[in-house]
Structure formats: structure tokens, C-alpha cells
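If you want the building blocks of each chain, they are given just below.
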Amino acid sequence: MTATAAGYHPVDLEPSLLADGTYGIRRHRSRLDVSTLLGLTIVLLYVLPGTLIVPNLTYAGRPALLVALLLFAWWCLARLNPTLLLMGPQPIRWVLCVYLVANLLSYLAGLLRGLPTQEANAQDFAMLQLFEFLGVALIAADGIRNWDRLNRVLRVAVWCTGFMAVVGIIQAVFKYDVSAHLVVPGLEVKGGLAGFGQRGDEGQFRVAGTTVHYIEYSAVMAMMVPFAIHVARFAPKRWHRWSAAACAMLAAVANPMSISRTGIVALGLALIVMVPIWSWRLRYTFMFLGAGAVMAIMFLKPGVLGTLKAMFLNVGVDPSIEGRTNDYELVGHFFDQRPWLGRGPRTLLADPVRDTILDNQWLYTLVTGGVVGVAALLAVHVVSVALAVIALRRATREEDRHLCVALVSAQVVAVVVGGTFDSLYYTTFAISLALFVGLSGAVWRFTHPTRIVRTSTVRGID
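What counts as what
- Residues numbered from 1 in each chain as written.
- Predicted model: local features only at pLDDT ≥ 70, side-chain atom pairs only at ≥ 80, totals over all residues.
- Heavy atoms only, no water.
- Helix = DSSP H or I, 4+ residues; strand = E, 2+ residues; numbered from the N terminus.
- Buried < 20%, exposed > 50% of the residue type's maximum accessible area, 1.4 Å probe, protein only.
- Contact = heavy atoms within 4.5 Å.
- Salt bridge = Lys/Arg side-chain N within 4 Å of Asp/Glu carboxyl O.
- Polar contact = N/O pair within 3.5 Å; in protein donor to acceptor, adjacent residues only side chain to side chain.
- Axes fitted to C-alpha atoms, helices over the stretch in contact; angles between N-to-C directions.
- Parallel < 35°, antiparallel > 145°, perpendicular 65-115°, else oblique.
- Left-handed = near helix turned anticlockwise from the far one by under 90°.
- Patch = residues over 30% accessible without salt bridge, like charges linked within 9 Å, V, L, I, M, F, W, Y side chains within 5 Å.
- Areas by Shrake-Rupley, 256 points an atom, 1.4 Å probe, with all protein chains shown as cover.
- Expected span 1.5 Å × (residues − 1).
- Arc of directions from axis to C-beta.
- Phe/Tyr/Trp six-rings, centres within 6.5 Å; stacked < 30°, edge-to-face > 60°.
- Lys NZ or Arg CZ within 6 Å of the ring centre and 35° of its normal.

### Details of the overall build of the protein chain
Next, step 1: Check the secondary structure of the protein chain and you find 15 helices and 6 strands.
Next, step 2: Across the 462 residues that make up the protein chain, the buried fraction comes to 54%.
Next, step 3: Taking the contacts inside the protein chain whose residues are at least 6 apart along the sequence as the reference set, 76% of them involve residues at least 24 apart.

### Points about the pattern of salt bridges
Should the charged atoms of two oppositely charged side chains come close, the side chains can pair.
Next, step 1: Applying the stated rule across the entire model yields 9 salt bridges.
Next, step 2: Ionic pairing is found between D142 and R93, a salt bridge with its closest N-O pair at 2.8 Å. With D142 in helix α4 (residues 117-143) and R93 in helix α3 (residues 91-113), this pair connects stretches of sequence that are 49 residues apart. Like D142, the residue R93 is buried in the burial classification.
Next, step 3: A single network of salt bridges, built from pairs that share partners, joins D33, R145 and R149.

### Side note on the side chain of R343
Next, step 1: Positionally, R343 belongs in the loop between α11 (319-337) and α12 (361-394).
Next, step 2: A relative accessible area of 11% places R343 in the buried class.
Next, step 3: Of the polar contacts made by the side chain of R343, one reaches the backbone oxygen of T347; its length is 3.3 Å.
Next, step 4: Not counting chain neighbours up to four residues away, the residues in contact with R343 comprise G110, R113, L115, E119, F334, R338, L348, V367 and T368.

### Digging into unusual backbone geometry
Next, step 1: Look at K175: it is not a glycine, yet its phi comes out positive at around 50°.
Next, step 2: Relative to the helices and strands, K175 resides in the loop between α5 (147-174) and β4 (188-189).
Next, step 3: Unusually for a residue other than glycine, R346 sits at a positive phi of about 55°.
Next, step 4: Residue R346 is classed as buried on the basis of its relative accessible area, which comes to 10%.

### What to know about the packing of helix α1 (residues 34-47) against helix α14 (residues 427-446)
Next, step 1: One way to put it is that α1 packs onto α14 with a least axis distance of 10 Å and a crossing angle of 155°. When the axis of α1 is compared with that of α14, the two are roughly antiparallel. Relative to α14, α1 is oriented so that their crossing is left-handed. For the pair formed by α1 and α14, the contact residues are L38, T41, I42, L45 and Y46 on the first element and T427, T428, I431, S432 and L435 on the second.

### Some details on a nonpolar patch on the surface
Next, step 1: On the surface, V101, L105, L108 and L111 cluster together into a nonpolar patch covering about 320 Å² of accessible area.
Next, step 2: Secondary-structure assignment places L105 in helix α3.

### So, helix α9 (residues 280-300)
Next, step 1: For α9, with 21 residues, the first-to-last C-alpha span of 30 Å sits near the 30 Å given by 1.5 Å per residue.
Next, step 2: The set of residues buried in α9 consists of L282, R283, A293 and I297. End-on, the buried residues of α9 take up no more than an arc of 90°, which puts them together on one face. Within α9, the exposed residues directed more than 90 degrees away from the buried face are W280, R281, M287, F288, M295, M298 and F299.
Next, step 3: Elements that come into contact with the buried residues of α9 comprise α6 (214-234), α7 (238-254) and α10 (304-313).

### A word on the packing of aromatic side chains
Each aromatic ring pair is described using two quantities: the centre-to-centre distance and the angle formed by the ring planes.
Next, step 1: A full pass over the atoms with the stated rule returns 10 aromatic pairs.
Next, step 2: The interplanar angle of 85° and the centroid separation of 5.0 Å between the aromatic rings of Y425 and Y426 together place this pair among those described as edge-to-face.
Next, step 3: For Y426, a relative accessible area of 3% gives the class buried.
Next, step 4: Among the aromatic side chains, those forming a connected cluster through ring pairs are F421, Y425, Y426 and F429.
Next, step 5: For the cation-ring pair, K190 lies above Y59, with the distance from its terminal atom to the ring centre recorded as 5.8 Å.
Next, step 6: Of note, R283 hangs over the ring of W280, and the distance from its end group to the ring centre comes to 4.4 Å.

### Comments concerning α5
Next, step 1: In this model α5 runs 40 Å from its N-terminal to its C-terminal C-alpha over 28 residues, within 8% of the 40 Å that 1.5 Å per residue would give.
Next, step 2: Its side-chain oxygen placed 3.1 Å from the backbone nitrogen of D148, N146 serves as the N-cap of α5.
Next, step 3: Of the residues flanking the end of α5, it is K175, one or two places downstream, whose phi is positive at about 50°.

### Topic: the environment of S423
Next, step 1: Within the secondary structure, S423 is located in the loop between α13 (398-417) and α14.
Next, step 2: Every residue in contact with S423, bar those within four places of it in the chain, is listed here: Q361, G418, F429 and A430.

### Examining the environment of F334
Next, step 1: Positionally, F334 belongs in helix α11.
Next, step 2: The class of F334 is buried, set by a relative accessible area of 13%.
Next, step 3: Note: C-alpha distance between F334 and L348 (14 residues apart in sequence) is 9.4 Å.
Next, step 4: If near-sequence neighbours (up to four positions away) are discounted, F334 is found in contact with R343, L348 and V367.

Here you go:
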């Protein structure tokens, strides 16, 4: 049996430099490694309701986020201990370091201006969530050992997406919140479940699956569709391919159930980015599948497509759009006061329940992080896209090239939806984005021609 027939990536069987005079292959197996913990993070993130936390903790105490914080500690220990040193360069480390420094400077600027207790607590929470974001991104970029382990993480993410899509479809079709049955004993629901939100004049309502907001749900569904298509095309086992294809269809059907313009735009952008790398045969296939998804939506939830059509046609008189544009004057007021470092992370509060006032991540970052914060966040997206494009040009296999384009689509979606809701406030979306930032660094490393760079990982894992 050849390596490719067995589902192995040929590069993973090449000798890689581990140390002076020491070589090995990256096909070494272990049951507990970075990929396993990333998979666990995804399961906890997508399967459990977003408001389910460890008792007496804040929203940063979601089980998935605690594992992410553990991953950040693991990565730091690997950097500090000479026997676990991460070998080789990694551009993602540098851009995330810039992002961290920008947030720390904004944090100090907030402290220096003097903060009331509520804003100080919000700022501390923002930094804790930042470390959880960095933990997933850095450990994915540096710790995933080979293509096989990366593909396993993707398969877990796709299957969990399918589960979350099913939860949302059940909520939409039966108006029954199945997420209430996903509460694990020993954990507590903070602030209640998302429930259903009224939208439109025809009695339509919105669903959020296991996330905490309807727009977040639609954005995550849209972001995951290209990866589900990727697994459906290239997974080594037939049942992996068929299950991933089912998850892709479920995510596409569940996306409109949130009745969100953001979700529809995000899904369209994600697919537009993918189209150039597809053959004409594949494009026609997905046209037919798209028509099937539309018919499934019409059958399962009549009236949803009409409501969405009205939302796009009546943008000029939509109160949600008017509310967003009315915020521009407020943004200008706060920006003039502190243009460079802002007020401090997450210090622009609206009320004790939901500590945000702007449905726009870019404007919110401008107010709380200043020009420096916006530049750092934009750099994270730009570098992630650049690394995925470099890996795309280096890759020789269609499978690897397809994955690189999917990673580009994730960043494009993140940039655009950041203009329609405060995306990084919502942890399911934020950690999903962190994973794809890290995977962009991983594919850059895997396609690098230098062996010591391709081997860059925690030595203690190998």
C-alpha cells in the first residue's frame, strides 16, 4: 500500500531535521497531542451552549475557553523550556505578538485614564479572552505535527458544525430549543440561553443553535461551509466524505434560519472565494446542490426566504441599519478624545448584560483600541491571508491548494462580518477565527522547503 493510498501525505514520510544529526518523520503517533486538545476545544465550543460556564466564572469560563487558556500556557512553556523549544521561524508568532502588544498598550492607556469598576472588570475580561484567542492560534500554528493531524482537526470541526446546524434546524422547524438539553451537570447557564428572536412581519423568528447570538450563528455556519466541502472532497474514507457532504448541506440550510443578512453575505463571499479553484464540473455540481438547499429551506421553514428578500430590498428603511449608522457620530466623539490607543479593551459599555454598544467590530476596535488596535487586527487578517496564499503557491497537491483557499475565505468572511456585528465579542466565532489564523501558519510551515521549518513543533510531543 502506498503512502497516498493509506491516506498519508507524502511530505510527512520525508526525513525531517529534529536536532543536529537527528532525523525523524512526522508520522509519529500519540493519543494526546495538540491536535487532540484542539479537537476537544472545538467539541466543547460547538456542542455545548455558549452561555454554559464553570460555576462562579464569567463568560470567559466556558469549558472550551478554559482549554484554550491551557493551550496558551502550554505554548508559553514550550517557548521557555530549552528542551521543548519550538524550532524554526513562524510569521504568525510575530503578528500575534504585535496584536498582543497593541492590546496591552490600550489596556495601559485605559488604566492611566482611570476606570470605574465596571469598565476595569470588562477590560480584564477582554485580556483574558485575548489570551484564549492567542492560545488556539499559536498552538495550531506551531504544534500541529503534520497534514494528517491537521485534517483530523478539520474533520472534527466539520462534524461539530453539522451537529450545531441540526440544533438550529430543529429550533427553526419545531420552535423547540433543543439546546436546553445540552446543559451538562456541574456547569451553569449564565444569562440564559439565546432562545428565539422575532424577525419580520410574517411571524418569523431567529435561531442561534448553540451560540449566544443569531448573527454569530449564521457567520460561523458560513465560515465552515468551505471546510466541509474540503473534507467532503478529499477525506481518505468514504464515510468521512459523505458525512462531511451532509454537514456542508446542513450548514448551508441552517445559515438562513438565523434570518440574518450577515450570514447570507458571508456565505456568498465564502463560496465566491472558493469558485476559482473549482473545476467547471464541480461548479455545476454545487449549483445543483445550492438549488437543493434552497428547496430544502422552503420546505422546512416557509417564509424565511421571503423575509430575507425583504430585508435586503428594504435596507434603506431598516431600523437595524439606521441604528448602526447613527453610531458614527458617537464613534467620532470617542475617537477624537483618544485616537491612537483608544479607551481600553472593551471599556465602551452599554449595560451590565451586554457590554457593547457598537454592532461593528472595526468601529468598536477603533474606539477601544485606537488606530494602533485597528492596524494590529487588520495585520492579523492580512498576514493570515498572505501565509495561506504563499502555501497555495508552494503546494503541489490539489487537496493542499484547496485547503489554502478555504483558509483565505475564512479571513475574508471575518473581515466583512466585522463590519456588521461586534464579532470578536462572541467567543464561538472568535475562537473559530483563531483556529483558522493558526492553521494558516501551519500550512505555511508544512509547505516550507526547509526541513527544520517543516518540523517546527514542540519537541516534547514527538
